[in-house]
Amino acid sequence: MDRKSQPVLVTGASSGIGRATAERLASSGHPVFAGARREEDLGAFGHLPNVVPLKLDVTRNEDAERAVAKIREHGRGLFGLVNCAGLGNAGPIAEMTVEDLHDVMDVNLDGAHRMVHSVFPLLRAARGRVVNISSIGGFLVEPMMGPYNISKHAVEGYSDVLREELAPLGIRVVTVSPGSFRTNIFENGLRRFGGTIRTRWVESDSVYREQVLQLLRYLEQPGVRSRAQYPPPTAVAAAIEEALDADAPRNRYLVATSEEADLVFDRIFLLVHELNDSRADPLTPEALVERLTKARPRA
Ligand SMILES: NC(=O)c1ccc[n+]([C@@H]2O[C@H](COP(=O)([O-])OP(=O)(O)OC[C@H]3O[C@@H](n4cnc5c(N)ncnc54)[C@H](OP(=O)(O)O)[C@@H]3O)[C@@H](O)[C@H]2O)c1
């Protein structure tokens, strides 16, 4: 099968990784359904050949249903779903409300699942692929970034379950976990939640006042909000393309610098140590290395 000519739906295509991915896939031959929430963003896809704009807020069932109807109207089915829509909030988790947590989970986890559930019959017919955008934050934890880290850990677990269950149907599930890239993620998060972060934790008697103030000061430094110091998300879009097009894509793509990859590995090794220490029969370092050498992803 020529996968390059197969249709793909990209959510969160108005900016950042989603936008770069939609453009890359369309220029390489994929018919792309590009999901965005705002009319002006949908209009901006007008000049791109191979792109069909879809009004799609991933928190809304009716949007998902309408998107599926439009994809069906086009009559070519759907091979790939790329869940790029995402956002982050900041603050101390113990002082956040259930609603604060839900605002982020609603997009990053539930939104991804809403889309998987909606297009499942189409993916099944095509023996297609799901690419979920996770993050190095799906392995790491960073104080004051709780909702984001929690949601991305959940995306990792969600994708692992989905991979097991969809493999017998011939549908592959891949996670792409980027490190830091230049996108609108800080600007969008601050636009949505920035005002309340200051009033709730700085202009208050929160025990986390100093930590939140430090975070806000960091975000006010030149170039931080715009993430100017990071590269554009070209490498992430390339990994997503490989996940969709390769004969044997990996289960996971960590698209990160060596320093970021080291942080992820250190965290995983720490977990191994903590769990090993609590085993009735802790493994020796040699036995751990032997098991690491034997462990290989299933083809
Ligand atoms: N940038 C990084 O360094 C980095 C690192 C690791 C992981 N990621 C992940 O990459 C993904 C894309 O983020 P990005 O960095 O490209 O940031 P971005 O530029 O802010 O893009 C996020 C996209 O998600 C969309 N979105 C937010 N809420 C939505 C909703 N309810 N329904 C539909 N779309 C929604 C945004 O649309 P609007 O324009 O309408 O708000 C935007 O198109 C996210 O999952 C993020 O967690 C990014």
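Computed from a prediction, not measured in an experiment: that's the story for all the values here.

Here we look at the domain arrangement of the protein
Buried accessible area, meaning the area lost when the parts come together, often serves as the stated size of an interface. Domain annotation for the protein reports domain 1 (3-256) and domain 2 (259-299). Placing the centre of domain 1 and that of domain 2 at their C-alpha centroids yields a distance of 29 Å. Buried area between domain 1 and domain 2, summed over both chains or domains, comes out near 800 Å², and the portion from carbon and sulfur atoms is 63%. When the buried surface of domain 1 facing domain 2 is broken down by residue, Phe139, Leu140 and Leu254 rank first, second and third, together holding 48% of it. Linking domain 1 to domain 2 there are 0 salt bridges. If you look at where domain 1 meets domain 2, you find 2 residue pairs in polar contact (both at pLDDT 80 or more). For the side of domain 1 that touches domain 2, the class distribution of residues is 6 nonpolar, 4 polar and 1 charged.

As for the sheet that holds strand E7 (residues 252-255)
Ordered by their spatial adjacency, 7 strands build an open sheet running E3-E2-E1-E4-E5-E6-E7, and the pairing between neighbours is parallel. Unpaired on one side and paired on the other, strand E3 (51-55) and E7 mark the two borders of the sheet. Looking at each pair of strands side by side, their axes are set apart by 15 degrees on average, direction ignored. Sheet topology places strand E4 (residues 80-83) next to strand E5 (residues 129-133); 4 bridges connect them, and they run parallel. Directly across from Gly80, in E5, lies its bridge partner Arg129. Lying over the sheet, helix H5 (residues 110-126) contacts strand E1 (8-10), E4 and E5, oriented at roughly 175 degrees with respect to E4. This element, helix H9 (residues 234-245), spans E1, E4, E5, strand E6 (172-178) and E7 of the sheet and lies at about 155 degrees to E5.

With respect to the packing of aromatic side chains
The description of an aromatic ring pair rests on the distance of the ring centres and on the angle between the ring planes. Using the criterion set out here, one finds 1 aromatic pair in the structure. Where Phe265 meets Phe269, the ring centres are 6.1 Å apart and the plane angle is 70 degrees; that geometry is what we call edge-to-face. With Phe265 and Phe269 both in helix H10 (residues 258-277) and 4 residues apart, the pair spans about one turn of that helix. Assessed through its relative accessible area of 44%, Phe265 is described here as partly exposed. Using a relative accessible area of 41% as the deciding quantity, one classes Phe269 as partly exposed. One residue, Arg227, lies across the ring of Phe186, its end atom 4.4 Å from the ring centre.

Topic: the pattern of salt bridges
The tally for this structure, following the rule as stated, stands at 19 salt bridges. With a shortest N-O distance of 3.5 Å, Arg38 and Glu40 are connected by a salt bridge. Since its relative accessible area comes to 31%, Arg38 is described here as partly exposed. When its relative accessible area of 55% is taken as the criterion, Glu40 is described as exposed. In this structure, Asp281 engages Arg279 in a salt bridge whose closest nitrogen and oxygen atoms are separated by 3.0 Å. Among the residues examined, Asp281 registers a relative accessible area of 46% and is labelled partly exposed.

Here we look at the pairing of E4
Of the two faces of E4, both are covered, the one formed by Gly80 and Val82 as well as the one formed by Leu81 and Asn83. Two elements, E1 and E4, share 3 bridges in a ladder whose sense is parallel. Within the sheet, the bridge partner assigned to Val8 lies in E4 and is Gly80.

Thoughts on unusual backbone geometry
One non-glycine residue, Asn50, adopts positive backbone phi at about 80 degrees. By secondary structure assignment, the location of Asn50 is in the loop between helix H2 (39-44) and E3. Of note, the phi angle at Arg227 is positive, near 55 degrees, even though the residue is not glycine. Tracing the backbone through its elements, the reader meets Arg227 in the loop between helix H8 (209-220) and H9. Judged by its relative accessible area of 8%, Arg227 falls in the buried class.

Rules used in this analysis
- Residues numbered from 1 in each chain as written.
- Predicted model: local features only at pLDDT ≥ 70, side-chain atom pairs only at ≥ 80, totals over all residues.
- Heavy atoms only, no water.
- Domains from an automatic or database assignment.
- Buried area = accessible area lost by both parts, 1.4 Å probe.
- Salt bridge = Lys/Arg side-chain N within 4 Å of Asp/Glu carboxyl O.
- Polar contact = N/O pair within 3.5 Å; in protein donor to acceptor, adjacent residues only side chain to side chain.
- Nonpolar A, V, L, I, M, F, W, Y, C, P; charged D, E, K, R; others polar.
- Pairing = 2+ DSSP bridges.
- Helix = DSSP H or I, 4+ residues; strand = E, 2+ residues; numbered from the N terminus.
- Axes fitted to C-alpha atoms, helices over the stretch in contact; angles between N-to-C directions.
- Contact = heavy atoms within 4.5 Å.
- Phe/Tyr/Trp six-rings, centres within 6.5 Å; stacked < 30°, edge-to-face > 60°.
- Buried < 20%, exposed > 50% of the residue type's maximum accessible area, 1.4 Å probe, protein only.
- Lys NZ or Arg CZ within 6 Å of the ring centre and 35° of its normal.

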